[in-house]
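# Architecture and fold: a report
Each chain is listed here by its residues.
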Amino acid sequence: MGDPTAPAVDEPYLTELAAGVHAFIQPDGGWCLNNAGFVTDGDATLVVDTAATERRARLLRRRIAESGAPVPRTVVNTHHHGDHTYGNGVFVPEATVIGHTACRRELLDAGHQLHAVWPEVQYGDIRLTPPTVTYDRELTLHVGDIEVRLIHPGVAHTTGDTIVWLPEQRVVFTGDLVFHGGTPFVFMGSVSGSLRALRLLRSLDATTVVPGHGPVAGPEVYDGIERYLEFVGRLAQEGRAAGRTPLEVAREADLGPFAELAESERLVANLHRAYVELDGGEPGAPLDPLAGFGDMTAMNGGVPMACHA
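Computed from a prediction, not measured in an experiment: that's the story for all the values here. (Residues numbered from 1 in each chain as written. Predicted model: local features only at pLDDT ≥ 70, side-chain atom pairs only at ≥ 80, totals over all residues. Heavy atoms only, no water.)

## Things to note about the overall build of the protein chain
Where we set the bar: By the criteria applied, helices consist of DSSP H or I runs no shorter than four residues and strands consist of E runs no shorter than two, each listed in order from the N terminus. All radius of gyration figures rest on C-alpha atoms, and the globule criterion is 2.2 Å times the number of residues raised to 0.38. Under the scheme applied here, a residue whose accessible area is under 20% of the maximum for its type counts as buried, over 50% as exposed, and between as partly exposed, the area being computed with a 1.4 Å probe on protein chains only. Contacts were defined at the residue level, with two residues in contact if any of their heavy atoms lie within 4.5 Å. Each accessible area value is a Shrake-Rupley result obtained with a 1.4 Å probe; residue values ignore everything except the protein chains displayed when judging cover. In this tally Asp and Glu are treated as negative and Lys and Arg as positive; neither His nor the chain ends contributes. A charged residue contributes its charge at one atom only: NZ of Lys, CZ of Arg, CG of Asp or CD of Glu.
Counting its secondary structure elements, the protein chain contains 9 helices and 12 strands. Over its C-alpha atoms the protein chain spans a radius of gyration of 18 Å, differing by no more than 12% from the 19 Å that the globule rule assigns to 309 residues. Taken along the three principal axes of its C-alpha coordinates, the protein chain extends 60 × 40 × 35 Å. With 309 residues in all, the protein chain has 56% of them scored as buried. Counting contacts in the protein chain only where the partners sit at least 6 residues apart, residues at least 24 apart contribute 68% of the total. Accessible surface, the protein chain as shown: approximately 12500 Å² in total, 50% of it carbon and sulfur. The centroid of the 23 positive side-chain charges in the protein chain is displaced by 2 Å from the centroid of its 40 negative side-chain charges.

Below, the structure written as structure tokens:
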């Protein structure tokens, strides 16, 4: 349960992508409503990401069991954000949690991050459960005969992103490198790094793309994200040259084809990151969250963004 004034959204659902491969889709894909998934050969089960609340994580676990898959022994986190990791504790101690080295570090540093932003949400019993197995560049796992490759694309959405790639099935779980129907969010990562990550995703030649938020798509989903990030880069260059703040630029921007994307307030946070990159700042270097989220609230009509979980 989240903001009681927020519109009701549909319940999560499973969709089968290939034999033994499912996505767990959480409509409407807005703030705190991420996607997860699982891979099973009938003897072993691997979960990709969890959820923002105990209730939703337990629903994911129940849906996995109802599918006939055995109890998961592995959880892979695509990055540290709480909507993808808060539910890890529902799967341990049976499961081992795996993620990028920076994912573990960022999760521990961030603590109960969603509680800080949306304290009114009924999260349930959230035990912070960081990855206990980490990797730096690539790691290959095997779920029976199903090969699961974990690939770190560099700093992109965050400093510790993981692409989960199933080469035989040509299915990729992108985490928040991809938002389908929602505005990309790179405040904690990198604009240029996210563009590089998209090039890497294209090179995999997946036919099925499970975004971090929004419905399952094909590789054509990369095109709109790339155009949006290039748009952010242009706005930042022009605004910085004119001595205007990210909020001033965002308020006056003509979103054009991007006006249809949900969470349009993320533009100003993305501009904060783009400005820092133009000034030579290190990708993923921490930015002031009060400035970023404060400006997004201003863009949202002075009303804080609602967590939909």
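## Thoughts on the packing of helix H8 (residues 266-278) against helix H9 (residues 289-299)
Definition in use: Axis definition: a line fit to C-alpha positions, over the contact stretch in the case of helices; interaxial angles, taken between N-to-C directions, run 0 to 180 degrees. Put simply, a crossing is left-handed when the front helix is turned counterclockwise from the back one by less than a right angle, and right-handed when it is turned clockwise.
Contact pair H8 / H9: the axes reach a minimum separation of 7 Å and the direction vectors enclose 145°. Here the hand of the crossing between H8 and H9 comes out right-handed. On H9, the residues that touch Arg266, Val268, Ala269 and His272 of H8 are Ala291, Gly292, Asp295, Met296 and Met299.

## So, the nonpolar core
Our working rule: Nonpolar core, defined: a set of buried Ala, Val, Leu, Ile, Met, Phe, Trp, Tyr and Cys residues in which side-chain atoms within 4.5 Å join the residues together.
By size, the foremost hydrophobic cluster in this structure holds 56 residues, and its most contacted members are Val172, Leu201 and Leu267. Breaking this core down by element, the ones donating at least two residues are strand S10 (163-166), strand S11 (171-179), helix H5 (191-204), helix H6 (221-241), helix H7 (246-252), H8 and H9. Looking at this core, the element that brings in the most residues is H6, giving 9 residues. Val172 has contacts with Ile163, Val164, Trp165, Leu201, Leu204, Ala206, Thr208, Val209, Val210 and Tyr222, leaving out every residue within four places of it along the chain. Core analysis: the second largest hydrophobic core is formed by 20 residues, Ala18, Ile98, Leu166 and Phe173 among them.

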